[in-house]
Amino acid sequence: TQLLEQSPQFLSIQEGENLTVYCNSSSVFSSLQWYRQEPGEGPVLLVTVVTGGEVKKLKRLTFQFGDARKDSSLHITAAQPGDTGLYLCAGEANAGGTSYGKLTFGQGTILTVHP
Amino acid sequence: KAGVTQTPRYLIKTRGQQVTLSCSPISGHRSVSWYQQTPGQGLQFLFEYFSETQRNKGNFPGRFSGRQFSNSRSEMNVSTLELGDSALYLCASSLGGQETQYFGPGTRLLVL
């Protein structure tokens, strides 16, 4: 069974601070996706990383996929109240019948940015 | 392009009843996956359909079932509802099942 350990579970910070969310596993993933979810809504895709060592930037958000494709991180620079939400990492296993359409999710990080 | 749509958005049922939820994928996407989200367990994979065939299944009891139609729209059914089935049910679509998944807004099910 593949597991994704996401940390921290909760983050409460002031506007302007930086933060990093981690997603770790003992399993290798063919790709890893980060989502942001608002209460009562579905997760919205932020980024997909597929290559070991890959770094992607989305404005103030920086995503990194570990060299061994077992871990990932999300770094937010100068957080704003609009960044508040639930952040989820989700991994897709290596190709194969048991991986079709199946994402393994971390438990999520609830981020609150205070003005 | 329209996103993934789910109906209904909210449902209230009582124990023992059954429920059917619907999902329309993004146009051109042939894979539909279903997930259950609860505060305690997070997001858990239910099953995936592609070309009207279930290709993958999570660890849920047989009360949870689904199907997919020729236009790729999918339904999931839960029979003999239990209190623990209260959750946000999410569907996601992708081109073929091994690419990025895009989620719908979910159906919030409350079982009383």
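Not measured: the values here are computed from a predicted model. (Residues numbered from 1 in each chain as written. Chains lettered and ligands numbered in written order. Predicted model: local features only at pLDDT ≥ 70, side-chain atom pairs only at ≥ 80, totals over all residues. Heavy atoms only, no water.)

Participant: What should I look at first to understand the environment of L61 of chain A in this one?
Facilitator: Residue and element names in this part refer to chain A. Looking at the secondary structure, you find L61 in strand 7 (residues 61–65). A C-alpha to C-alpha distance of 9.9 Å links L61 and V47, two positions 14 residues apart in sequence. If near-sequence neighbours (up to four positions away) are discounted, L61 is found in contact with L46, K56, L74, H75 and I76. (Helix = DSSP H or I, 4+ residues; strand = E, 2+ residues; numbered from the N terminus. Contact = heavy atoms within 4.5 Å.)

Participant: Explain the sheet that holds strand 3 (residues 19–24) of chain B to me, please; I cannot follow it from the model alone.
Facilitator: Remark on secondary structure: sheet strands pair via backbone hydrogen bonds, oriented parallel or antiparallel. Residue and element names in this part refer to chain B. A sheet is described by the order of its strands in space; here four strands give the open sequence 1-3-8-7, paired in antiparallel fashion. The open sheet has two edge strands, strand 1 (5–7) and strand 7 (64–68), and neither has a second partner. Sheet twist, expressed as the mean angle between neighbouring strand axes with direction ignored, is 20°. Looking at chain direction, strand 1 and strand 3 are connected through three bridges and run antiparallel. (Pairing = 2+ DSSP bridges. Axes fitted to C-alpha atoms, helices over the stretch in contact; angles between N-to-C directions.)

Participant: Would you mind showing me how to read the interface of chain B and chain A here?
Facilitator: Many structure descriptions define interface size as the accessible area lost when the parts assemble. With 24 residues of chain B in contact, the opposing surface of chain A contributes 23 residues. Of all residues in chain B, L43, Q98 and F103 of chain B bury the most surface against chain A, accounting for 29% of the area lost on that side. Run the count over chain B and chain A and you get one salt bridge. Put simply, R9 of chain B and E41 of chain A hold a salt bridge, and the shortest N to O gap is 3.5 Å. The interface formed by chain B and chain A holds ten residue pairs in polar contact (both at pLDDT 80 or more) in total. Those elements giving two or more residues to the side of chain B that touches chain A turn out to be strand 4 (31–38), strand 5 (42–50), strand 6 (53–57), strand 9 (87–94) and strand 10 (102–103) of chain B. Of all the elements, strand 5 of chain B adds the most residues to the side of chain B that touches chain A, at four residues. The class makeup of the residues in the side of chain B that touches chain A is eight nonpolar, eleven polar and five charged. (Buried area = accessible area lost by both parts, 1.4 Å probe. Salt bridge = Lys/Arg side-chain N within 4 Å of Asp/Glu carboxyl O. Polar contact = N/O pair within 3.5 Å; in protein donor to acceptor, adjacent residues only side chain to side chain. Nonpolar A, V, L, I, M, F, W, Y, C, P; charged D, E, K, R; others polar.)

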